[in-house]
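Observations on chain architecture
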Amino acid sequence: VQLQASGGGLVQAGGSLRLSCAASGRTFSSYRMGWFRQAPGKEREFVAAISWSGGGIYYADSVKGRFTISRDNAKNTVYLQMNSLKPDDTAVYYCATKSSRYSSASRYEYEYDYWGQGTLVTVSS
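Figured I'd write up the structure that's included with this text. (Residues numbered from 1 in each chain as written. Predicted model: local features only at pLDDT ≥ 70, side-chain atom pairs only at ≥ 80, totals over all residues. Heavy atoms only, no water.)

**With respect to the sheet that holds strand E7 (residues 67-72)**
Put simply, the test is: Here the rule is simple: two strands pair whenever DSSP picks up at least two bridges between them. Helix and strand definitions follow DSSP, with helices as H or I runs of at least four residues and strands as E runs of at least two, each counted in order from the N terminus. Lines are fitted to the C-alpha atoms to define the axes, a helix being fitted only along its stretch in contact, and any angle between axes, read from their N-to-C directions, falls within 0 to 180 degrees.
Reading across the sheet, the four strands line up as E1-E3-E8-E7 and stay open at both edges, with antiparallel pairing between neighbours. Of all the strands in the sheet, the pair left with one neighbour each is strand E1 (2-6) and E7. If you compare each strand with its neighbour and ignore which way they point, the axes differ by 15 degrees on average. Alignment of E7 against strand E8 (residues 77-82), held across six bridges, turns out to be antiparallel. Across the sheet, the residue bridging to Ile69 is Leu80, located in E8.

Given below as structure tokens:
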């Protein structure tokens, strides 16, 4: 399984970005997907997750109401729409997936087996 994250960049506070994570190597639609982030000097933290069906979605409290996770199974891609960005959102964003099929959404890192390389989001004040 390979995950390729893209869409990061430099944006001013209050702006928006959409991250994409393209998956390859297996049937995308049967697996949970998640987004995590790691800010400089901090541990990696959960951002958002979506179940294999898209029916279950979780968000971290810090992004709820501002970020939206979605998936397009036809394109083997999961998205993270980020609005009203804040300097605290500055981090490397990682997408992840699990090896087991038909898995529900999860906010826990240990429940993901494959990780993308990360894409850097920088929010200036």
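**Quick notes on the pattern of salt bridges**
Operational definition: We count a salt bridge whenever a side-chain nitrogen from Lys or Arg sits within 4 Å of a carboxyl oxygen from Asp or Glu. Using a 1.4 Å probe on the protein chains alone, a residue whose accessible area is under 20% of its type maximum counts as buried, one over 50% counts as exposed, and one in between counts as partly exposed.
Scanning the model with the defined rule gives six salt bridges in all. For Arg44, the salt bridge goes to Glu109, with nearest N and O atoms at 3.2 Å. With Arg44 in the loop between strand E4 (33-38) and strand E5 (45-50) and Glu109 in the loop between strand E9 (91-97) and strand E10 (114-115), this pair connects stretches of sequence that are 65 residues apart. For Glu109, a relative accessible area of 28% corresponds to the partly exposed category. A salt bridge links Lys64 to Asp61; the shortest N-O distance between them is 3.2 Å. What makes Asp61 exposed here is its relative accessible area of 68%. Each member of the salt-bridge network shares a partner with another, and the members are Arg37, Glu45, Arg66 and Asp89.

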